[in-house]
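Observations on the three-dimensional arrangement
Chain residues, written in single-letter form:
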Amino acid sequence: MVPRGRPVGGWWQIVHELAAVCQVDPNRRGQTLREIVWMSNQRGKHEWQQTALLASILINANRDPKKRPISPDEINPYVKSKQSSGGLRICKQNQAVLKKLFTERAKHAIGIE
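Here we summarise the structure given alongside this text. None of these values were measured; they are calculated from a predicted model.

1. Observations concerning helix 1 (residues 10-22)
The end-to-end C-alpha distance of helix 1 is 19 Å, a good match for the 18 Å that 13 residues give at a rise of 1.5 Å each. Every buried residue of helix 1 is listed here: Val 15, His 16, Leu 18, Ala 19 and Cys 22. Buried residues in helix 1 make contact with helix 2 (33-61). Backbone geometry just after helix 1 places Gln 23 at a positive phi near 60 degrees.

See below:
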């Protein structure tokens, strides 16, 4: 319920929608919009963790035994993946190229040509 005198829509609508997600009273004093946003985000993370756990249980119960099990973190969009950043792996083939590149950059940076 929007208090009297406040227009429908805009900031107050956002406050009330987020407060509904958090199940808190938006008219209660002592909570800022920032705190309500934090509570709303945390609730979303918590619910996704539960959903991902249930989904991984269902997937693993019905998976091919030859395939590896799926963890809840692979399904949860809030969990950052632990995959490689796509960087360059240093090996003997590219070590000489990297050495040349960085020594030329260093020489150029300190003014030695």
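2. Some details on the pattern of salt bridges
One pass over the full model with this rule turns up two salt bridges. In this structure, Glu 47 and Arg 43 form a salt bridge, with 2.8 Å as the shortest nitrogen-oxygen distance. Remark: Arg 43 and Glu 47 occur in helix 2; sequence separation between them is four residues, near one turn of the helix. Judged by its relative accessible area of 36%, Glu 47 is partly exposed. With a shortest N-O distance of 2.7 Å, Arg 68 and Glu 74 are connected by a salt bridge. On the basis of relative accessible area, Arg 68 is assigned to the exposed category, the value being 54%.

3. Thoughts on unusual backbone geometry
Notably, Gln 23 is not glycine yet its phi reads approximately 60 degrees, a positive angle. Structurally, Gln 23 is set in the loop between helix 1 and helix 2. A relative accessible area of 62% places Gln 23 in the exposed class.

4. Quick notes on the side chain of Asn 76
Inspection of the secondary structure assignment puts Asn 76 in the loop between helix 3 (72-75) and helix 4 (92-110). Polar contacts involving the side chain of Asn 76 include one to the side chain of Gln 49, which spans 2.9 Å. Setting aside chain neighbours within four positions, we find Asn 76 in contact with Trp 48, Gln 49 and Ala 52.

5. Observations regarding helix 2
Taking 1.5 Å of rise per residue, 29 residues should cover 42 Å, and helix 2 covers 42 Å from first to last C-alpha, within 8% of that figure. Burial in helix 2 covers these residues: Ile 36, Ser 40, Gly 44, Ala 52 and Ser 56. Buried residues along helix 2 sit against helix 1 and helix 3.

The rules behind each value
- Residues numbered from 1 in each chain as written.
- Predicted model: local features only at pLDDT ≥ 70, side-chain atom pairs only at ≥ 80, totals over all residues.
- Heavy atoms only, no water.
- Helix = DSSP H or I, 4+ residues; strand = E, 2+ residues; numbered from the N terminus.
- Expected span 1.5 Å × (residues − 1).
- Buried < 20%, exposed > 50% of the residue type's maximum accessible area, 1.4 Å probe, protein only.
- Contact = heavy atoms within 4.5 Å.
- Salt bridge = Lys/Arg side-chain N within 4 Å of Asp/Glu carboxyl O.
- Polar contact = N/O pair within 3.5 Å; in protein donor to acceptor, adjacent residues only side chain to side chain.

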